[in-house]
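# Structural characterization, general
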Amino acid sequence: MNKPILVYRGKYVESTHNIHIAVVNKEGRLLYSYGNPNRMTFPRSSMKPFQAIPLLETGAADTYSYSNAEIAIACASHAGESFHRETILQLLERLGIKEDHLQCGTHTPWNLTSYKELLRNGGDVTPVYSNCSGKHTGMLATAIHMKEDIANYREVEHPHQQRILEAIEEICDFPKEKINLSVDGCGVPVHQLPLYHVALGYARLASPDSIKSEKRIKIVKRIRDSMMEFPEMVGGTSRFDTDLMNAYQGRIVSKAGAEAVQCMGLVKEGIGIAIKVEDGGTRAVNVAAMEVLSQLGYKEEGIFTDLEKYVHTPVLNARKEKIGEIRANFNLERAYQLKNNDTKE
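A brief look at the structure comes next. All residue numbers refer to position in the chain's written sequence, counted from 1. In keeping with the predicted nature of the model, local features appear solely for residues at pLDDT of at least 70, side-chain atom pairs appear and are counted solely at 80 or more, and the whole-chain, interface and lining totals rest on all residues. Calculated side-chain values reflect all of the structure's heavy atoms, with hydrogen atoms and water omitted.

What makes two strands pair is DSSP finding at least two bridges between them. For the purposes of this entry, the term helix denotes a DSSP run of H or I that reaches at least four residues, the term strand denotes a run of E that reaches at least two, and both are numbered from the N terminus. Strands sit in the order β8-β9-β10-β3-β4-β13 across an open sheet of six strands; the sheet is antiparallel. A strand with exactly one partner marks an edge of an open sheet, and here the two such strands are β8 (252–257) and β13 (333–334). Pairing of strand β4 (residues 30–34) with β13 involves two bridges; the strand directions are antiparallel. Its bridge partner being in β13, Y32 is matched across the sheet by R334.

What follows is about the pattern of salt bridges. If charged atoms from side chains of opposite charge come close, those side chains can pair. One speaks of a salt bridge when a side-chain nitrogen belonging to Lys or Arg is within 4 Å of a carboxyl oxygen belonging to Asp or Glu. Applying the stated criterion to the full structure yields 14 salt bridges. Among the ionic pairs, D184 bridges to R44, the shortest N-O distance being 2.6 Å. Remark: R44 occurs in the loop between β5 (40–41) and α1 (48–51) and D184 occurs in the loop between β6 (180–183) and β7 (189–194); sequence separation between them is 140 residues. In this structure, D209 engages K221 in a salt bridge whose closest nitrogen and oxygen atoms are separated by 3.3 Å. With D209 in the loop between α9 (195–206) and α10 (214–229) and K221 in helix α10, the pair connects residues that are twelve residues apart, well separated along the chain. Judged by relative accessible area, K221 falls into the partly exposed class, the value being 30%. Through salt bridges with shared partners, one network takes in E57, E166, E170 and R216. Using a 1.4 Å probe on the protein chains alone, a residue whose accessible area is under 20% of its type maximum counts as buried, one over 50% counts as exposed, and one in between counts as partly exposed.

Let us look at the nonpolar core. Formed by 71 residues in total, the largest nonpolar core has its most connected members in F50, I53, L55, Y66 and I223. Per-element tally for this core: the top contributor is α9, with eight residues. Non-local contacts of Y66, meaning those with residues more than four positions away in its chain, are made with L55, A61, I71, L91, R94, T137, G138, A141 and R222. As used in this record, nonpolar core signifies buried Ala, Val, Leu, Ile, Met, Phe, Trp, Tyr and Cys residues forming a set joined through side-chain atoms within 4.5 Å. Any two residues whose heavy atoms approach within 4.5 Å are treated as being in contact.

This part takes up helix α8 (residues 159–172). Helix span is expected to be 1.5 Å times the residue number reduced by one. The end-to-end C-alpha distance of α8, which contains 14 residues, comes to 20 Å, matching closely the 20 Å that a straight helix rising 1.5 Å per residue would cover. Burial in α8 covers these residues: H160, Q161, R163, I164, L165, A167, I168, I171 and C172. Remark: D173 follows α8 within two positions and exhibits a positive phi of approximately 55 degrees.

Attention now goes to the side chain of S207. By the element assignment, S207 lies in the loop between α9 and α10. Classification of S207 as buried rests on a relative accessible area of 9%. With residues near it in sequence (within four places) discarded, S207 still touches K26, R224, V267 and G270.

The aromatic pairing rule takes the rings of Phe, Tyr and Trp, using the six-membered ring of Trp, and pairs them if the centres are within 6.5 Å, calling planes under 30 degrees apart stacked, those over 60 edge-to-face and the rest tilted. What the rule picks out here adds up to four aromatic pairs. Each ring, one from F50 and one from Y202, has its centre 5.4 Å from the other, and the planes form 65 degrees; the classification is edge-to-face. Taken together, the residues span a long stretch of sequence, with F50 in helix α1 and Y202 in helix α9 at a distance of 152 residues. Seen in terms of ring centroids, Y248 and Y298 are 5.7 Å apart; in terms of plane orientation they differ by 45 degrees. Their pairing is tilted. Pair noted here: Y248 is in helix α12 (residues 240–248) and Y298 is in helix α13 (residues 282–298), with a separation of 50 residues, a long-range link. Comparing Y248 with Y298 shows no difference in burial state: the two are buried. Both a distance and an angle decide whether a charge sits over a ring: NZ of Lys or CZ of Arg must be within 6 Å of the ring centre and within 35 degrees of the ring normal. Sitting above the plane of the Y8 ring, R327 keeps its charged end 4.1 Å from the centroid.

This brings us to the pairing of strand β12 (residues 322–328). The pairing of strand β1 (residues 5–9) with β12 spans five bridges and is classified as antiparallel. Bridge assignment links Y8 to a residue of β12, and that residue is E325. Between strand β11 (residues 313–316) and β12, which follow one another and run antiparallel, lie five residues, and K320 among them has a positive phi close to 65 degrees.

Attention shifts here to the packing of α8 against α9. Orientation is described by axes fitted as lines to C-alpha atoms, over the contacting stretch for helices, and by angles from 0 to 180 degrees between their N-to-C directions. It is at 8 Å that the axes of α8 and α9 come closest, and there the two elements cross at 85 degrees. Relative to α9, the element α8 lies roughly perpendicular. For the pair formed by α8 and α9, the contact residues are E170, I171 and C172 on the first element and H197, L200, G201, R204 and L205 on the second. Looking at the contact of α8 with α9 residue by residue, the classes come out as four nonpolar, two polar and two charged. Oblique is the label for any angle not covered by the other classes, which are roughly parallel (under 35 degrees), roughly antiparallel (over 145) and roughly perpendicular (65 to 115). Throughout, the ten residues Ala, Val, Leu, Ile, Met, Phe, Trp, Tyr, Cys and Pro are labelled nonpolar, Asp, Glu, Lys and Arg are labelled charged, and all others, Gly among them, are labelled polar.

This part covers the environment of I73. Relative to the helices and strands, I73 resides in helix α4 (residues 68–74). For I73 and M40, which are 33 residues apart along the polypeptide, the C-alpha to C-alpha distance reads 27 Å. In this structure, I73 is in contact with H78, H84, T87, I88, L91, G134, K135 and M233, ignoring residues within four places of it in sequence.

Dropping the structure here:
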């Protein structure tokens, strides 16, 4: 049986990864798939654009004068670079709260330059270094605007988390009572739903016109456009989402999620793509994403050359020498949607 992602050491296959893919248009038609397009999946941080909807819908973003860059960081899994941290701190100041109001916890920032600078200065990581600090700031902004308790803003019973659940229900077209809930790495609710419905959500993020509410259409468009206008806020230096959105200049909106999830929306076509690597192996997910784009006709030589490290991710030894690479080895399968969302060739 062929394995869709191959990890080579020299000319020999050392490891493999299985993947699941759903490619869906904004009308809800499953166009292509690989593996199980209905796999129940926690999209993790790929849901952040949808979690940001209440920030705008309640009027909180206007009350606190959110710029498009600040909307982008509300959707971010940022690398903890100085411009990320400064943006969060400025927002917290406008909200009239302190950094310790953020309940996202702490972790080593993904940008090693920032981390080394922190260590040289004798500092320690604080909540603004968390990749989720922008999302949490947006949640606090909304709760403050709505005059709700901010001590428990991350609990699933909080009105703000219920607003998020309702937004996901509509944009992904999946009943909220069927969405399985657990806890994300940053402590807020995380939502599990079929990969097909995640891809549908990204199709509507890419092209929101099929959303019922005119107000929500405008809000989702602003979220999408903010992410594409300020991709450095969504990820950071040498991050896949940032590099991809920079390369495609308003044609693709992209957001990664933990445990090897990658979601993308093709703006002109209104197509959503959701990818899950079965074993959570993050090294495989970007290679899979670039192969999907290639098979969907998005392979442009100049762009793929610039993004080569994602097309064929190098395997490096401790001397930073390339001693292998990760390659895609799959073909998307044409599919048609049945009433129960199963697929049949």
